[in-house]
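# Observations on the three-dimensional arrangement
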Amino acid sequence: MRHLDEYRDPLLARALLEETAAVATRPWRLMEVCGGQTHTLVRQGIDELLPAGMRMIHGPGCPVCVTPLEVLDRALAIAARPGTVLTSFGDILRVPGTQGDLLTQRARGADVRVVYSPMDAVEIARREPEREVVFLAVGFETTAPANAMAVLHAEHLGLDNFSMLVSHVLVPPAMTTLLESPDCEVQAFLAAGHVCAVMGWTAYEPIAARYKVPIVITGFEPLDLLEGILMAVRQLERGRAEVENQYARAVRRTGNTDAQNAVRRVFEITDQVWRGLGPLPNSGLRLAGDFARYDAALRHEVGTLRTIEHPDCIAGAVLTGSRLPTHCPAYGSSCTPRTPLGAPMVSAEGTCAAFHAAGRQALATNPGSPA
Ligand code: SF4
């Protein structure tokens, strides 16, 4: 297939669904890790067309959603400092912290700017040397290389007014945490193609072997996902647990080694708190010692923060797949994309936003029900 619409061919989609139904003898539970994949599954209704009983569990693969509240509150406190420019992508600026979001902070007079790349933030620092420019850097393995390059560029320019508030997360530790949960229902994963385009899939091989769970690297178009689901179901039916690559047009086993080298140079692996999952060992990135002077958390001390989650938001349960957005009492009423109470309703990759965009209705049933 060469053109985008070929990855959305309804006849091929129907054939893949029929083949999956023919192969499946049990109601398997699969998790798509990536929020971009969640949006395609929900928007196209694929999750509702699967064979009877088979279920997609929506995973914690939204970078904005898993960013801890403490990081958002720290960004709010830094943005409030005179002479500071707080920069990041549009989504994260709308995520509520304990006392409003960063765009609200801008309305109160703070200098908060949307940028389209971390290099834009470096450029602001170069043009405005009298300002302290902070880039709020969140995301998975996909965004880490660009952030690493921005730090290297700031160093190359000799800028001493640029820093990063880093909240980077890594996918494999989150997968093992989910698999080790006593409540885990996941029997196979669809892994995010763009993450693997950077990191390859060698890190997944020990997970597949140890937990006996198939992992299929999958793209983002409807036929990618349908094919990935079929590949995972075939493995489950045959008792196999391997890493397979549905997204061969973009992913190699070893990934992008240039990108990996830039990340390794600038960042080091650290323990990381995930919103919804809590603290996970070795699941994040922080600036390495040589680059600690670019660490906004060190450079802009803000004192003790008192973070308070919104009491109505069940985002943690949504992020771990134990509840659907439609189980949330606030879904579609007090929480909408215009009035979000939590990150999953804000982010372009958030599960609540995906359900809302697809017009899924809030359930009036027992919130403990899994589907
Ligand atoms: S619908 Fe809103 S309040 Fe409910 S879990 Fe999602 S983001 Fe939180």
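Provided above is the structure to which this section pertains.
Overview of the structure. (Residues numbered from 1 in each chain as written. Predicted model: local features only at pLDDT ≥ 70, side-chain atom pairs only at ≥ 80, totals over all residues. Heavy atoms only, no water.)

## Quick word on the overall build of the protein
Test applied: Elements are defined by DSSP. Helices are runs of H or I of four residues or more, strands are runs of E of two residues or more, and each kind is numbered from the N terminus. Values of the radius of gyration come from C-alpha atoms, whereas the globule rule sets the reference at 2.2 Å times the count of residues to the power 0.38. The buried label applies to any residue whose accessible area, calculated with a 1.4 Å probe on protein chains only, is under 20% of its type's maximum; exposed applies above 50%, and partly exposed to all values in between. Working rule for contacts: check all heavy atoms of both residues, and any pair within 4.5 Å makes them a contact. For the area figures, the Shrake-Rupley method with a 1.4 Å probe applies, and any residue is considered shielded solely by the protein chains shown. Positive charges come from Lys and Arg alone, negative charges from Asp and Glu alone, with His and the N- and C-terminal ends not counted. Working definition for charges: the position is that of NZ of Lys, CZ of Arg, CG of Asp or CD of Glu.
Each helix and strand counted, the protein has 17 helices and eleven strands in total. For 371 residues, the compact-globule formula gives about 21 Å, and the C-alpha radius of gyration of the protein, at 21 Å, lands near that figure. In terms of principal-axis extent, the alpha carbons of the protein reach across some 65 × 45 × 40 Å. Within the protein, buried positions represent 55% of all 371 residues. Put simply, 77% of the contacts in the protein that link residues at least 6 apart link residues at least 24 apart. Of the roughly 16,100 Å² that the protein leaves accessible, carbon and sulfur atoms contribute 52%. Here the protein contributes 34 positively and 40 negatively charged side chains, and the mean placements of these two sets differ by 1 Å.

## Quick notes on the side chain of Q246
Quick note on the threshold: Here a polar contact means two N or O atoms within 3.5 Å. Within protein one must be a hydrogen donor candidate and the other an acceptor candidate, and residues neighboring in sequence count only if both atoms are side-chain atoms.
In this fold, Q246 is placed in the loop between β9 (243–245) and α13 (257–266). At a separation of 3.1 Å, a polar atom in the side chain of Q246 contacts the side chain of E227. Aside from chain neighbours lying at most four places away, what touches Q246 is V216, I217, T218, G219, D224, E227, G228 and M231.

## A few points about the packing of helix α1 (residues 10–23) against helix α12 (residues 222–238)
Helices that pack against each other are described as a pair by the angle of their axes relative to one another and the distance between those axes. Put simply, the rule reads: The convention used is that axes are lines fitted to C-alpha atoms, helices contributing only their stretch in contact, and that angles between N-to-C directions extend from 0 to 180 degrees. Orientation categories follow fixed angle ranges, with anything under 35 degrees roughly parallel, anything over 145 roughly antiparallel, 65 to 115 roughly perpendicular, and all other angles oblique. It is the rotation of the near helix from the far one that decides the hand of a crossing: anticlockwise by less than a right angle makes it left-handed, clockwise makes it right-handed. Any residue outside Ala, Val, Leu, Ile, Met, Phe, Trp, Tyr, Cys, Pro, Asp, Glu, Lys and Arg is labelled polar, Gly included; the first ten of those are nonpolar and the last four are charged.
It is at 10 Å that the axes of α1 and α12 come closest, and there the two elements cross at 15°. Our classification of the angle between α1 and α12 gives roughly parallel. Crossing of α1 against α12: the hand is left-handed. Of the residues in α12, those in contact with L12, A13, L16, L17, E19, T20 and V23 of α1 are L223, L226, E227, I229, L230, V233, R234 and E237. Classifying every residue of the contact of α1 with α12 by side-chain character gives ten nonpolar, one polar and four charged.

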